[in-house]
Amino acid sequence: MTEFGFRWALMVVCLLIFVLAFSALLWAAWRHHRGETPERANFHSSLAVEIAWTVAPVVIVLLLVWPTARIFWTP
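Predicted model, so just to flag it, every value in this text is computed and none were measured.

Chemist: Any chance you could break down a nonpolar patch on the surface for me, citing the residues and the numbers?
Modeler: A cluster of nonpolar side chains, contributed by Leu15, Phe18, Val19, Phe22, Leu25 and Leu26, occupies part of the molecular surface with about 600 Å² of accessible area. Residue placement: phenylalanine 18 occurs in helix α1 (residues 3-33). On the basis of relative accessible area, phenylalanine 18 is assigned to the exposed category, the value being 52%.

Dropping the structure here:
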């Protein structure tokens, strides 16, 4: 794969991640805005939620950096 092709593939992957994350955000906002129950969930002491939204971006960044580093640092 050429460097130009790799850059386009990486751009498509980033665009896909953006579309998925934005869609999930819109869905959650619409669902909770239109909900009939005014109850709100409390996530302040949820270790699972804290770990999930810390680990997910780290994994995404590592998946994007790994192929880039391999291409630019291999002789």
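Chemist: Run through the packing of α1 against helix α2 (residues 47-73), naming residues and quoting values.
Modeler: Geometry of a packed helix pair, given as the angle between the helix axes and the separation of the axes. Relative orientation of the contacting elements α1 and α2 amounts to 180°, with a least axis distance of 11 Å. Between α1 and α2, the interaxial angle falls into the category roughly antiparallel. Each of Glu3, Phe6, Arg7, Leu10, Val13, Cys14 and Ile17 in α1 lies in contact with α2, whose residues at this interface are Ile60, Leu64, Pro67, Thr68, Ile71 and Phe72. Taken together, the residues of the contact of α1 with α2 sort by class into 10 nonpolar, one polar and two charged.

Chemist: A description of the packing of aromatic side chains should follow, citing residues and the corresponding values.
Modeler: The way to describe two aromatic rings as a pair is by their centre distance and the angle between their planes. With the rule as written, the count across this model stands at two aromatic pairs. On the basis of an interplanar angle of 70° and a centroid distance of 6.3 Å, the ring pair of phenylalanine 4 and tryptophan 8 is categorised as edge-to-face. Note that phenylalanine 4 and tryptophan 8 are positioned in helix α1 at a spacing of four residues, about one turn of the helix. The same class applies to phenylalanine 4 as to tryptophan 8, namely exposed. Ring geometry for phenylalanine 18 and phenylalanine 22: centres 5.6 Å apart, planes at 15°, overall stacked. Of this pair, phenylalanine 18 and phenylalanine 22 both sit in helix α1, four residues apart, which is roughly one turn of that helix.

How each quantity is defined
- Residues numbered from 1 in each chain as written.
- Predicted model: local features only at pLDDT ≥ 70, side-chain atom pairs only at ≥ 80, totals over all residues.
- Heavy atoms only, no water.
- Patch = residues over 30% accessible without salt bridge, like charges linked within 9 Å, V, L, I, M, F, W, Y side chains within 5 Å.
- Areas by Shrake-Rupley, 256 points an atom, 1.4 Å probe, with all protein chains shown as cover.
- Salt bridge = Lys/Arg side-chain N within 4 Å of Asp/Glu carboxyl O.
- Helix = DSSP H or I, 4+ residues; strand = E, 2+ residues; numbered from the N terminus.
- Buried < 20%, exposed > 50% of the residue type's maximum accessible area, 1.4 Å probe, protein only.
- Axes fitted to C-alpha atoms, helices over the stretch in contact; angles between N-to-C directions.
- Parallel < 35°, antiparallel > 145°, perpendicular 65-115°, else oblique.
- Contact = heavy atoms within 4.5 Å.
- Nonpolar A, V, L, I, M, F, W, Y, C, P; charged D, E, K, R; others polar.
- Phe/Tyr/Trp six-rings, centres within 6.5 Å; stacked < 30°, edge-to-face > 60°.

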